[in-house]
Amino acid sequence: MSSTYFDHNATTALDSRVLESMLPFMTAQHGNPTSRHSFGRHARSAIERAREQVADAVNAHPSQVIFTSGGTEANNLAVTGIAGRYGASQIVVSDIEHPCISRPAQALQQRGWKLAVLPVDRHGVVQESGVEELLRTETSLLSVMLANNETGVLQKVAGIAAIARKHGVTVHTDAVQALGKMRVDFAELNVHAMTLSSHKINGPQGAGALILDKRIDIEPVIHGGGQEKGLRSGTENVAAIVGFGAACELLNARLLQEPGRIRQMREHLETGLKKLGAVIFGAEVERLPNTSFFAFNEIEGETLVMALDRKGFAVASGSACSSDSSEPSAVLLAMGVEADLAKGAIRTSLGAGNSAEQIDSFLAVLAGEIARLRHLTAVAV
Amino acid sequence: MTVKTPIYLDYSATTPVDPRVAEKMIPYITEFFGNPASRSHSFGWTAEKAVENAREEVAKLVNADPREIVWTSGATESNNLAIKGAAHFYSGKGKHIITVMTEHKAVIDPVRELEREGFEATFLQPEPNGLVDIEKFKAAIRPDTVLASVMFVNNEIGVIQDIEAIGNICREHGIIFHVDAAQATGKVAIDLEKLPVDLMSFSAHKTYGPKGIGALYVRRKPRVRLEAQMHGGGHERGLRSGTLATHQIVGMGEAFRIAREEMELENARIRRLRDRLLAGLQEIDEVYVNGDLKQRVPHNLNISFNFVEGESLIMAVKDIAVSSGSACTSASLEPSYVLRALGRSDELAHSSIRFSIGRFTTEEDVDYTVALMKSKIGKLRELSPLWEMHQEGIDLSKVEWAAH
């Protein structure tokens, strides 16, 4: 059983203050926000308060916040809702987007849209240079994530957005992994739409948001009762939305101290990893302070991850959402990493609960496991 | 008599989370917080196991195979996935859909959306009692009908449609049959081994579970195919991507377990309360029950109070939390489209109240409500010139009103 959690990019533990804010809405305050009686009005005002908290955290206006069931739904809404509204045209996405951007884009492609992919360099940075050329074709949406979930590499979203705006193209960024780990400023990024998720910032699973410039026409993905100004129907998940808001409110204080502490832990970790001979992906460029994506030559990632779990460390082999498959990471392949090395990739993502001692014991265990696995491989050969 | 006001009589809009459900949920947002898609560590496995246990509980309530249950963010999403997903997948076979005018918006709006995409839809008018006439349903079938969607229990009037009969007709004609059962779980017995239904939508928060979680039943034999509406990490076998909210799923599982175990006793208790409420309200003159009283869940009582103005009625009964029309439409002042589909006049539709009774309703709540309604209706009618005319024996339907 693992006891040390190094998988904060997959999901995070709920902050106890967030839980406290949610509890009343999981029990006594049970109204349906659409109801007009006092139970309903109470739920409605809780949602509106959360809307302000979310907006404040990313320098947006509350009226720009559309609550969804999570990041996946918000990304689907951005791609299908914006590009879909335009009619068949070009969609531009980067080569390292999360599947909840690339798959809805591919679904539109099957219905007649043109899909163009922005390549990344060997560090995992999306190349601005090709953008101008691509946008000569009529484009309904360009989407580039703010920070990659696997490597943590930051993208030059504001720069790309500036080019896109020159061409009158709507820009979306998936900021799910960035939120809580760095300052995220909707206005400064200069994008039209941005995706956020609650459970990556010590909020509950089941809530997310699309921040949307109201001048952008968008079509709902879920039709029904007309909630969220008709853009997202369905009874609101009040408790989760309240928790998302509370988690957002905690962010500003957290961003003052935590990234520095976590960055230090990561440096400590990566110094140790390099000593063990790890290749660290994206290490030469700007990354989220908590993420390390690395591999050891001739060691299978899946095997190592399982061995680490038995020793008490929860890490990921690739992103949680794709951990069902044993395919090498698509992000690494896009960066030009050899498939064999990519198959060995392991991700650690640090968070609120981690300490320098945990890093030390992790490095010690890792050294032992690598020696053991190398020995086994040698014997097998 | 001591009752705490406002009294909650709006269980069809949403139900409180049962304390047993909340208790079961909390460890999964605190201690066992893993992402069930994380396959590489025990945090993930613990979450996944909890998700699968809950899937079994949901399947058990409706006698389905757990593999037939797909998690969604709620019944609205389930309805969207079922209707758009099936219509798109089978569009090669035909583009005609049959549904009913009294469906929830979460069915009507996706069907309307499909109409914009080039599908054709028939919206059947129910009989004045709210029930679908099977012969009329048959008559609506065309050679290109691919999908029918009929709700199990109506959210506003509580009537129970004859799902088995409609399903059999659909089977005969090779039509995919979807049923919105958001209002049915825990209120009527559902046996999907026997019922000829292909797709069925469920919600947790109408059955004492949390908001933000629902499920779609997708039949395996004969297999029903859908086009996914939400794409991404490939969760739920590709039918519905997105990180599963473990604690909410756990909550839905527990809520459905309780429903399965307690449904029979609870419904008997609720029926007694409903009968008491009905008997009390029927002592008031000029009240009309909307929807069939027999083929109906006991939880719902929808009543129109004649000669009372709707808005002032709602204002007058602030001590009880009830709904005028469905919660999802109560933001608008349009009279309920469900009641209008039954042929109710705008006036009677406007002056209707849906009382919905649930697990925590007491006899005292009911008695208080009856007394309150009697007194408030009496006062409002004293102020009403229409009531006065009615008392004088004037037939209001024959009055020619002057334009102004």
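Keep in mind that this is a model prediction, so the values were computed, not measured.

Contact residues are listed per partner, giving 62 residues for chain B and 64 residues for chain A. The contact between chain B and chain A buries some 4900 Å² in all, and 58% of this surface belongs to carbon and sulfur atoms. Counting the surface chain B buries against chain A, the share from its top three residues, B:Phe33, B:Lys211 and B:His231, is 13%. Remark: the boundary between chain B and chain A carries 19 residue pairs in polar contact (both at pLDDT 80 or more). Classifying every residue of the side of chain B that touches chain A by side-chain character gives 23 nonpolar, 29 polar and 10 charged.

Next up on the list: the packing of aromatic side chains. According to the stated counting rule, one finds 17 aromatic pairs over all chains in the structure shown. Ring centres of A:Phe39 and B:Tyr8 lie 4.7 Å apart, and the angle between their planes is 70 degrees; on these two criteria the pair is classed as edge-to-face. Of this pair, A:Phe39 sits in helix 2 (residues 38–57) while B:Tyr8 sits in strand 1 (residues 7–8), on two different chains. For the pair A:Phe39 and B:Tyr8, one class covers both residues: buried. Look at B:Tyr28 and B:Phe32: their rings are 5.3 Å apart centre to centre, the planes differ by 50 degrees, and that puts the pair in the tilted class. Ring-pair connections join several aromatic residues into one group, and the members of that group are A:Phe39, B:Tyr8, B:Tyr11, B:Tyr208 and B:Phe360. Looking at B:Arg359, its charged tip hangs above the ring of B:Tyr208, at a distance of 3.9 Å from the centre.

Residues and elements named next belong to chain B. Spatially, 7 strands are ordered 2-8-7-6-5-3-4 in an open sheet, and the strand pairing comes out mixed. In this open sheet, the two edge strands, each paired with only one partner strand, are strand 2 (69–72) and strand 4 (120–124). Between one strand and the next, the sheet's axes are offset by a mean angle of 20 degrees, whatever the strand orientation. As defined by bridge partners, strand 7 (residues 199–203) adjoins strand 8 (residues 214–218) across 5 bridges and the pair is classed as antiparallel. Note on strand 8: the bridge partner recorded for Met-200 is Tyr-217. Here helix 7 (residues 163–172) sits on the sheet and contacts strand 5 (145–149) and strand 6 (176–180); the angle it forms with strand 6, its principal contact strand, is near 160 degrees. The strands that helix 8 (residues 246–281) touches are strand 2, strand 7 and strand 8; relative to strand 7, the one it contacts most, it runs at about 100 degrees.

Further remarks concern the confidence of the model for chain B. A residue-level look at chain B finds 97% of positions with pLDDT of 70 or above and a mean pLDDT of 93. Overall fold confidence (pTM) sits at 0.92, and the ipTM for the predicted complex is 0.89.

Turning our eyes to something else, we now look at the environment of A:Leu154. All names here are of chain A. Along the chain, Leu-154 turns up in the loop between strand 5 (139–143) and helix 6 (157–166). Note: C-alpha distance between Leu-154 and Ile-66 (88 residues apart in sequence) is 25 Å. Dropping the residues within four chain positions of it, Leu-154 is found in contact with Leu-146, Ala-147, Met-182, Glu-286, Arg-287 and Leu-288.

Much of the literature gives interface size as the accessible area that the parts lose upon coming together. Residues and elements named next belong to chain A. Partitioning chain A into domains gives domain 1 (4–12 + 257–380) and domain 2 (16–249). For domain 1 versus domain 2, the distance between C-alpha centres works out to 28 Å. Across the contact, 23 residues belong to domain 1 and 27 residues belong to domain 2. For the pair domain 1 and domain 2, the summed buried surface comes to about 2200 Å²; carbon and sulfur atoms form 56% of the total. The interface formed by domain 1 and domain 2 includes 0 salt bridges. For the interface between domain 1 and domain 2, the tally reads 13 residue pairs in polar contact (both at pLDDT 80 or more).

It is worth spelling out the side chain of B:Asp365 at this point. Residues and elements named next belong to chain B. Here Asp-365 is to be found in helix 12 (residues 363–382). Of the side chains bearing the opposite charge, Arg-269 lies closest to the buried Asp-365, which forms no salt bridge; the N-O distance is 7.9 Å. In contact with Asp-365, other than residues within four places in its own chain, are Val-3, Ile-7 and Phe-360.

The next subject is helix 12 of chain B. Taking 1.5 Å as the rise per residue, helix 12 of chain B with 20 residues should run 28 Å; its terminal C-alpha atoms sit 29 Å apart, in good agreement. Along helix 12 of chain B, the positions that sit buried rather than exposed are B:Asp365, B:Val366, B:Thr369, B:Val370, B:Leu372, B:Met373, B:Ile377, B:Leu380 and B:Arg381.

With 127 residues, the main nonpolar core has B:Phe137, B:Phe152, B:Met200 and B:Phe202 as its most contacted residues. No other element matches the 10 residues that helix 8 (residues 238–275) of chain A contributes to this core. Mapping this core onto the domain boundaries places at least three of its residues in each of domain 1 (4–12 + 257–380) and domain 2 (16–249) of chain A. Beyond its immediate chain neighbours, meaning those up to four positions away, B:Met200 contacts B:Phe152, B:His178, B:Val179, B:Ala181, B:Ile190, B:Leu192, B:Leu195, B:Ala215, B:Leu216 and B:Tyr217. If you look at the next biggest cluster of nonpolar residues, it comprises 27 residues, including B:Ile270, B:Val287, B:Val308 and B:Leu380.

In this section: the pairing of strand 2 (residues 65–68) of chain A. All names here are of chain A. The alternating pattern of strand 2 places Val-65 and Phe-67 on one face and Ile-66 and Thr-68 on the opposite face, and all of these are buried. With 4 bridges joining them, strand 2 and strand 8 (residues 208–212) adopt antiparallel strand pairing. Paired with Thr-68 across the bridge in strand 8 is Gly-208.

Cut-offs and rules
- Residues numbered from 1 in each chain as written.
- Chains lettered and ligands numbered in written order.
- Predicted model: local features only at pLDDT ≥ 70, side-chain atom pairs only at ≥ 80, totals over all residues.
- Heavy atoms only, no water.
- Contact = heavy atoms within 4.5 Å.
- Buried area = accessible area lost by both parts, 1.4 Å probe.
- Polar contact = N/O pair within 3.5 Å; in protein donor to acceptor, adjacent residues only side chain to side chain.
- Nonpolar A, V, L, I, M, F, W, Y, C, P; charged D, E, K, R; others polar.
- Phe/Tyr/Trp six-rings, centres within 6.5 Å; stacked < 30°, edge-to-face > 60°.
- Helix = DSSP H or I, 4+ residues; strand = E, 2+ residues; numbered from the N terminus.
- Buried < 20%, exposed > 50% of the residue type's maximum accessible area, 1.4 Å probe, protein only.
- Lys NZ or Arg CZ within 6 Å of the ring centre and 35° of its normal.
- Pairing = 2+ DSSP bridges.
- Axes fitted to C-alpha atoms, helices over the stretch in contact; angles between N-to-C directions.
- pLDDT = per-residue confidence, 0-100.
- Domains from an automatic or database assignment.
- Salt bridge = Lys/Arg side-chain N within 4 Å of Asp/Glu carboxyl O.
- Lys, Arg positive; Asp, Glu negative; His and termini not counted.
- Expected span 1.5 Å × (residues − 1).
- Core = buried A, V, L, I, M, F, W, Y, C linked by side-chain atoms within 4.5 Å.

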